[in-house]
Amino acid sequence: MPMSLYYNVGAESDLGTPAPDPGAATVSLKIDGIPIAVPGGASVLRAAALAGVGVPKLCATEDLAAFGSCRLCLVEIEGRKGYPASCTTLVEAGMEVRTQTPRLAELRRNVMELYISDHPLDCLTCSANGDCELQDMAGAVGLREVRYGYEGANHLDKPKDQSAPYFAFDPAKCIVCSRCVRACEEQQGTYALTIGGRGFASEVMASQNEPFAASECVSCGACVKACPTATLMEKSVVAHGQPERAVITTCAYCGVGCSFRAELQGDRLVRMVPDRNGKANHGHSCVKGRFAFGYATHKDRVTSPMIRDSIDQPWRKVGWAQAIDTAAQRLRGIQERWGRKAIGGVTSSRCTNEEVYVVQKFVRAALGNNNVDTCARVCHSPTGYGLKTTLGESAGTQNFDSVMQTDVILLVGANPTEAHPVFASLMKRRLSQGAQLIVVDPRAIDLVDSPHVRAQFHLQLKPGTNVAVINALAHTVIDEGLEDEAFIRSRCEWDAYQTWRAFISEPRNSPEALAEAIGAPAAQLRAAARLYAKAGNAAIYYGLGVTEHSQGSTMVLGIANLAMATGNLGREGVGVNPLRGQNNVQGACDMGSFPHEFSGYRHLSDAVVRGKFEADWGVQLDPKPGYRIPNMFDAAIAGEFKGLYVQGEDFAQSDPDTQHIYAALSAMECVIVQDLFLNETAKFAHIFLPGCSFLEKDGTFTNAERRISPVRKVMAPLTGLDEWRITCRLSTAMGYPMDYRHPSEIMDEIARLTPNFQGLSYELLNEVGSVQWPCNAAAPEGTPLMHVQEFVRGKGYFAPTPYVPTEERSTARYPLLLTTGRVLSQYNVGAQTRRTEAVAYHREDRLEMHPADAEVRGIVDGSWVGVKSRAGETVLRAKVTDRVQPGVLYTTFHHPESGANVITTDNSDWATNCPEYKVTAVQAYPVSKPSEWQEMFRRFAVKQERLAAPVAAGGAGASLAPAATGRKEGLETAKAES
Amino acid sequence: MTVAAGKLVRMAEQITANLAHTDDYGIVSAKVADHLNRFWDPRMRQALLEYAGREANSLSPALRMALPQLRDGGE
Ligand code: SF4
Ligand code: SF4
Ligand code: SF4
Ligand code: FES
């Protein structure tokens, strides 16, 4: 059965306490006379639930460790005195448990009576009506009267706290079960909540009794899900009422790939609740996936296709048929005039695997060339290169849960609490159990020093010296005899290892020789290397701080070398793990989006592989690589690349050296943009094909642990056309018919042509929830850990990693180094998150600067700063902080008018052309007005807005105004003040 | 003309520098050629060869040695 419209699921079950650790022996017992066998370590409450016996409970939930405070789950156990709480009592062999006796009923009624006497009785108008465990329990215990009266001291007039953007806190309804406090500690690891006061006066408070918005709360929503009453409640539920149905789907924001229950009333999405059965997130989520879905129905969504002849003309709304015919004609025309290779396409890692697959197929089969690339070019392409070269597969080696077996975590150039929040929570849980942490980052990220987590080492390197660090660490391992020779001998190419060993042992790779370049003491580098090498289980996690450098690929090679040299691959708790940025980066790469390879990372020149595709697709395929994105732009400027089909990608904001990209886009004859919004790139487009949000699609996403999870349609496409169908119709119009009836047929084709996906189908996903590739005859339900017996390439390959400093160096003219990153509440270019309440958290991109650098320049916190590189100039507001080192600046790029990429340069990774976002030499100085580029940006935005105005009428409109205007106003105010 | 020659040369020299873990140009040049053959569009290889025809002396020795190992330039 294909996944299709409205794959509804029932209510989420709650067995009361977490599943015990796997592997325990089974225990047999009887509950109310019913015999049951459960794993040892389970609670009596859980065993009862598994036997189908519901025991009343309030403070217990499957997501949290048992607490035993409400005394509602009391039971009687044969041979024991008293009435133990079943949530904190573990099963024992031969136990005979009674859950229903007159005495238990009386005790439970007494407990409920006390709760209800201090609880408002507005059930009928309460937002939780129908989804309130207190209400359910009052019913379950048969509460009929409350003897204490409601007049005594109570909490009923406590004011509501509405300060958090997405949920409300109504303390009058609180029963002080502390589920929220425990959720914030155990699931999220933020420790924002406490129970203050004692006895009757006890109450839940955020931080030092502050409003939620002012507290440490990061709005993950765990406490809201945990709360059994209406005390903590999603504002969307308060506004719209309880949902009626639920569909299991996958978050479309980051590479963690959390599984969610999309809960709806008819077609209206009321809330997104993390799915307890989700194997990547185990019922947890972050603010983006949980709450930031409003963009899907934002008024800026364009829902009708549009065309124009030139970017100086107004847009015209047209029907799908006309838009597709026009696109096909123009692309064909360009090929006739300029040659087959003068056009190409770009796939998006925000789209589903199926949508990506058809776009790369369209380019190779219908356009007849290999000019296809994906936005992973600008983030994780070095991961593909580096891990394929050393281990044989372009993907992370572990599942997320593996971190729970890790003794030492080496975290390089990644900021999981901001960028991969749900995985960060898991990591924090492991760290609070005693695992140790080494952070390699120019900036003091939160994990360096936060409540309950502190890094043993923070190697605060200068931007651009990653390879120096990894070489110094590996040198120490060899120099001090810490390598795992048995592992190397049995698992790796011995000759290559000898070459590498000789190279890495050279004095130039020693910590002593590199310390100055790195900016960290040699002794610290050596100590960190020892900690990693002697850990037992050591795991490396890394992010864009590794890849987005001119030596990004070398660094990935170096990371894999270090893991191989110390035997930290091929089992639980170890490995090499790229943390992927966007939701489907892994999938977009897997699907054959790179110009040199087919799906499953197989090079075009492999005649056997190519033959399979040619036979299946019924066309001749070009065996030579096409252009990468930056090559396309260069060729466009050179006048020989003329047309581009862009799937959900926004180069004009996200790619480096904005002015170069503007020039390239302006030089093309036909730019086709397929997106939800008229994004920055669409301002240069001639044809706009409106896309669908993840709520309107069937398909799959693949997360950073290679997990393929279903995306399910919860509402019909607002545009009237599925996104994969747009590509298929375009292809058909160009003479290469594609006639899939459903995305499941696209997946069947992927499985047929790609060995790693051979066993995959929608049936399997519906059955088991999600699958980690490789999924084939040898691993019918997927592969959580890779390289267990041997590496995918056979023997592991040690690749030498010479440290070649970037050409982007600080000079007298540009004495500072700028590096870039992201914040929790915003996502990438922010096109989605800026169109949600999330703007409350991050209204503008700020420039972080060390106090010493600020002082010499006369810059104060909050003032406007000009930033100039050899590529361009922009203006940002200063945030003076010692999170950054002297000489280093840091900013984010979530808002287009910040122009962060006006200053990043075209320098790129040597192997993959992944841009060097992380290092730009700049100068900074106080200013009073926006940069020339920003003036130009504004004029251009205003003009494009005018050109879109005619189609903006009627709701399905288009607005090009930046969605968050805080910054614009800010600039104006600053001008007025100066 | 495809991608500007200056840019291609810069990229090719970066590839060469990052593969140059030894002074043995024979080893390095083979790796460089393999990389360019695997990952570059033939039009870019062709443009690099044309540039080298004019300005061979401005290229680093290992890159120069790699050029004859490039497969078919154009089509
Ligand atoms: S939303 Fe998350 S971070 Fe905020 S208080 Fe609740 S559990 Fe803690
Ligand atoms: S807010 Fe909800 S979860 Fe927290 S203590 Fe009160 S009732 Fe329990
Ligand atoms: S953004 Fe990432 S961590 Fe947050 S809910 Fe979505 S997938 Fe999970
Ligand atoms: S559910 Fe067991 S004591 Fe509350």
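Only a predicted model underlies this, so the values are computations on that prediction, with no experimental measurement involved. (Residues numbered from 1 in each chain as written. Chains lettered and ligands numbered in written order. Predicted model: local features only at pLDDT ≥ 70, side-chain atom pairs only at ≥ 80, totals over all residues. Heavy atoms only, no water.)

1. Remarks on the overall build of chain A
Phase 1 of the analysis: Secondary structure assignment for chain A yields 31 helices and 37 strands.
Phase 2 of the analysis: The C-alpha radius of gyration computed for chain A amounts to 29 Å, which stays within 12% of the reference 30 Å derived for 978 residues, consistent with globular compactness.
Phase 3 of the analysis: Projected onto its principal axes, the C-alpha coordinates of chain A cover approximately 90 × 70 × 65 Å.
Phase 4 of the analysis: Each of the 978 residues in chain A was classed as buried or not, and the buried ones make up 67%.
Phase 5 of the analysis: Summed over its atoms, the accessible surface of chain A is roughly 32,200 Å², and 52% of this surface lies on carbon and sulfur atoms.
Phase 6 of the analysis: Put simply, chain A has 98 plus and 108 minus side-chain charges, and the middle of one group is 1 Å from the middle of the other. (Helix = DSSP H or I, 4+ residues; strand = E, 2+ residues; numbered from the N terminus. Rg over C-alpha atoms; globule rule 2.2 N^0.38 Å. Buried < 20%, exposed > 50% of the residue type's maximum accessible area, 1.4 Å probe, protein only. Areas by Shrake-Rupley, 256 points an atom, 1.4 Å probe, with all protein chains shown as cover. Lys, Arg positive; Asp, Glu negative; His and termini not counted. Charge placed at Lys NZ, Arg CZ, Asp CG, Glu CD.)

2. Thoughts on the overall build of chain B
Phase 1 of the analysis: For chain B, the count of helices and strands is 4 helices and 0 strands.
Phase 2 of the analysis: In chain B, the succession of helices and strands from N to C terminus is α-α-α-α.
Phase 3 of the analysis: Relative to the compact-globule value of 11 Å for 75 residues, chain B shows a C-alpha radius of gyration of 11 Å, a close match.
Phase 4 of the analysis: Its C-alpha atoms give chain B principal-axis dimensions of roughly 35 × 25 × 15 Å.
Phase 5 of the analysis: The buried share of chain B, reckoned over its 75 residues, is 52%.
Phase 6 of the analysis: A separation threshold of at least 6 residues defines the contact pool for chain B, and within that pool the share at least 24 residues apart is 67%.
Phase 7 of the analysis: Of the accessible surface of chain B, which amounts to about 3,200 Å², a share of 54% is contributed by carbon and sulfur atoms. (Contact = heavy atoms within 4.5 Å.)

3. Let's talk about the interface of chain A and chain B
A common way to express how large an interface is: the accessible area buried when the components associate.
Phase 1 of the analysis: Counting residues at the interface gives 34 residues for chain A and 26 residues for chain B.
Phase 2 of the analysis: Approximately 2,700 Å² of surface area, both sides summed, lies buried where chain A meets chain B, with 48% of it carried by carbon and sulfur atoms.
Phase 3 of the analysis: Considering only the surface of chain A that becomes buried against chain B, Lys-341, Lys-624 and Trp-910 of chain A emerge as the three largest contributors, covering 22% of it.
Phase 4 of the analysis: On inspection of chain A and its partner chain B, the count reaches 3 salt bridges.
Phase 5 of the analysis: Here Glu-640 of chain A ties to Arg-43 of chain B by a salt bridge, and the two come within 3.7 Å at their closest N and O atoms.
Phase 6 of the analysis: Among the secondary structure elements, those contributing two or more residues to the side of chain A that touches chain B are helix 15 (494–505) and helix 22 (629–637) of chain A.
Phase 7 of the analysis: For the side of chain A that touches chain B, the element with the highest residue contribution is helix 22 of chain A, accounting for 3 residues.
Phase 8 of the analysis: Residues of the side of chain A that touches chain B, tallied by class, amount to 12 nonpolar, 12 polar and 10 charged. (Buried area = accessible area lost by both parts, 1.4 Å probe. Salt bridge = Lys/Arg side-chain N within 4 Å of Asp/Glu carboxyl O. Nonpolar A, V, L, I, M, F, W, Y, C, P; charged D, E, K, R; others polar.)

4. A short note on the site of ligand 1
Phase 1 of the analysis: The environment of ligand 1 is made up of Phe-167, Cys-184, Gln-188, Leu-193, Phe-212, Cys-217, Val-218, Ser-219, Cys-220, Gly-221, Ala-222 and Cys-223 of chain A.
Phase 2 of the analysis: Taken together, the elements giving at least two residues each to the shell around ligand 1 come down to helix 4 (179–188) and helix 5 (222–226) of chain A. (Near = heavy atom within 4 Å.)

5. Comments concerning the site of ligand 2
Phase 1 of the analysis: By nearness alone, 13 residues border ligand 2, and Cys-174, Cys-177, Ser-178, Cys-180 and Cys-227 of chain A come closest of all.
Phase 2 of the analysis: Among the residues forming the shell around ligand 2, the class breakdown is 9 nonpolar, 3 polar and 1 charged.

6. Quick word on the packing of aromatic side chains
Residue and element names in this part refer to chain A.
Phase 1 of the analysis: Going through the model one piece at a time under the given rule, you end up with 20 aromatic pairs over all chains.
Phase 2 of the analysis: Considering the side-chain rings of Phe-167 and Phe-212, the 5.3 Å spacing of their centres and the 85 degrees angle between planes classify their relative orientation as edge-to-face. Of this pair, Phe-167 sits in strand 6 (residues 167–169) while Phe-212 is found in the loop between strand 8 (203–206) and helix 5, placing the two residues 45 residues apart along the sequence.
Phase 3 of the analysis: Using a relative accessible area of 4% as the deciding quantity, one classes Phe-212 as buried.
Phase 4 of the analysis: Measuring from centroid to centroid gives 4.8 Å for Trp-500 and Phe-798, while their planes differ by 35 degrees, and the two rings are tilted. Taken together, the positions of Trp-500 in helix 15 and Phe-798 in the loop between strand 31 (771–772) and strand 32 (816–821) put the pair 298 residues apart, joining distant regions of the chain.
Phase 5 of the analysis: Residue Phe-798 is classed as buried on the basis of its relative accessible area of 1%.
Phase 6 of the analysis: A network of ring pairs unites the aromatic residues Tyr-166, Phe-167, Phe-169, Phe-212 and Phe-291 as a single cluster.
Phase 7 of the analysis: The ring of Trp-494 has Arg-489 sitting right over it, with the charged end atom 4.1 Å from the ring centre.
Phase 8 of the analysis: Above the ring of Trp-864, the side-chain terminus of Arg-877 is found at 5.6 Å from the ring centroid. (Phe/Tyr/Trp six-rings, centres within 6.5 Å; stacked < 30°, edge-to-face > 60°. Lys NZ or Arg CZ within 6 Å of the ring centre and 35° of its normal.)

7. Details of the confidence of the model for chain B
Phase 1 of the analysis: When pLDDT is averaged along chain B, the result is 85, and 91% of the positions lie at 70 or above.
Phase 2 of the analysis: As a predicted assembly, this complex carries a pTM of 0.87 together with an ipTM value of 0.90. (pLDDT = per-residue confidence, 0-100.)

8. Details of the environment of Val-711 of chain A
Phase 1 of the analysis: By the secondary structure assignment, Val-711 of chain A is in strand 30 (residues 707–711).
Phase 2 of the analysis: For the pair Val-711 of chain A and Thr-249 of chain A, spaced 462 residues apart in sequence, the C-alpha separation works out to 4.7 Å.

9. What to know about the environment of Thr-566 of chain A
All names here are of chain A.
Phase 1 of the analysis: For Thr-566, the position within the fold is in the loop between helix 19 (552–565) and strand 23 (575–578).
Phase 2 of the analysis: Along the sequence, Thr-566 and Cys-692 sit 126 residues apart, while their C-alpha atoms lie 46 Å from each other.
Phase 3 of the analysis: Setting aside residues up to four positions removed in sequence, Thr-566 forms contacts with Val-477, Leu-482, Asp-484, Tyr-532 and Ala-533.
Phase 4 of the analysis: Of note is the side chain of Thr-566, whose polar atom sits 3.3 Å from the backbone oxygen of Ala-563. (Polar contact = N/O pair within 3.5 Å; in protein donor to acceptor, adjacent residues only side chain to side chain.)

10. A short note on the pairing of strand 35 (residues 873–880) of chain A
Taken residue by residue, a regular strand's side chains alternate between the two faces of the sheet.
All names here are of chain A.
Phase 1 of the analysis: Bridge count for strand 33 (residues 846–849) against strand 35 is 4 bridges, and the pairing is parallel. Of the residues in strand 35, the one forming a bridge with Glu-848 is Lys-879.
Phase 2 of the analysis: Inspection of the sheet shows strand 34 (residues 864–868) paired to strand 35 by 5 bridges, in the antiparallel sense. Bridge assignment links Val-867 to a residue of strand 35, and that residue is Thr-874.
Phase 3 of the analysis: Where strand 34 hands over to strand 35, the hairpin turn is made up of 4 residues, counted between the paired strands. (Pairing = 2+ DSSP bridges.)

11. Remarks on the sheet that holds strand 22 (residues 538–542) of chain A
Residue and element names in this part refer to chain A.
Phase 1 of the analysis: Ordered in space as 21-18-17-22-23, the 5 strands form an open sheet in which the pairing is parallel. Two strands close off the open sheet at either side, each with one partner strand: strand 21 (457–459) and strand 23. Averaged over all adjacent pairs, the angle separating strand axes in this sheet is 15 degrees, with direction ignored.
Phase 2 of the analysis: Together, strand 17 (408–412), strand 18 (436–440) and strand 22 form the strand contacts of helix 12 (residues 421–432), whose direction differs from that of strand 17 by roughly 145 degrees. (Axes fitted to C-alpha atoms, helices over the stretch in contact; angles between N-to-C directions.)

12. Thoughts on empty space enclosed by the protein
Residues and elements named next belong to chain A.
Phase 1 of the analysis: Throughout the structure, instances matching the rule amount to 11 cavities of 30 Å³ or more.
Phase 2 of the analysis: Residue lining of the largest cavity: 28 residues in total, with Gly-413, Asp-441, Gly-545, Thr-820 and Lys-918 positioned closest to the centre.
Phase 3 of the analysis: Those elements that place two or more of their residues in the lining of the largest cavity are helix 11 (416–419), helix 18 (544–547) and strand 32.
Phase 4 of the analysis: Counting residues per element, the lining of the largest cavity draws most heavily on strand 32, which supplies 3 residues.
Phase 5 of the analysis: Of the residues in the lining of the largest cavity, the class split is 9 nonpolar, 13 polar and 6 charged. (1 Å grid on protein atoms, 1.4 Å probe; cavity = no way out; pocket = protein on both sides within 12 Å on 5 of 7 lines; lining within 4 Å. Points joined across faces, edges and corners; volume = space filled by probe spheres on them.)

13. Observations concerning the environment of Phe-423 of chain A
Residue and element names in this part refer to chain A.
Phase 1 of the analysis: In this structure, Phe-423 sits in helix 12.
Phase 2 of the analysis: It is 40 Å that separates the C-alpha atoms of Phe-423 and Ala-366, two residues lying 57 residues apart in sequence.
Phase 3 of the analysis: For Phe-423, the residues in contact, after removing those within four places along its chain, are Val-256, Phe-400, Val-403, Tyr-541 and Leu-579.

14. Describing the pairing of strand 12 (residues 268–274) of chain A
Residue and element names in this part refer to chain A.
Phase 1 of the analysis: Across the 7 residues that make up strand 12, a large majority, 6, are buried.
Phase 2 of the analysis: The pairing of strand 11 (residues 259–265) with strand 12 spans 6 bridges and is classified as antiparallel. Among the inter-strand pairings, Arg-261 is bridged to a residue of strand 12, identified as Val-273.
Phase 3 of the analysis: Remark: 2 residues form the turn of the hairpin made by strand 11 and strand 12, two consecutive strands paired antiparallel; Gly-266 in that turn has positive phi of roughly 55 degrees.

15. Some points on helix 25 (residues 723–733) of chain A
All names here are of chain A.
Phase 1 of the analysis: Along helix 25, the positions that sit buried rather than exposed are Glu-723, Trp-724, Ile-726, Thr-727, Cys-728, Leu-730 and Ser-731.
Phase 2 of the analysis: Summarising the contacts, the buried residues of helix 25 are in contact with helix 8 (320–338), helix 9 (353–367), strand 26 (643–647), strand 27 (670–675), strand 28 (687–690) and helix 26 (743–753).
Phase 3 of the analysis: A positive phi of about 100 degrees marks Gly-735, the residue just after helix 25.

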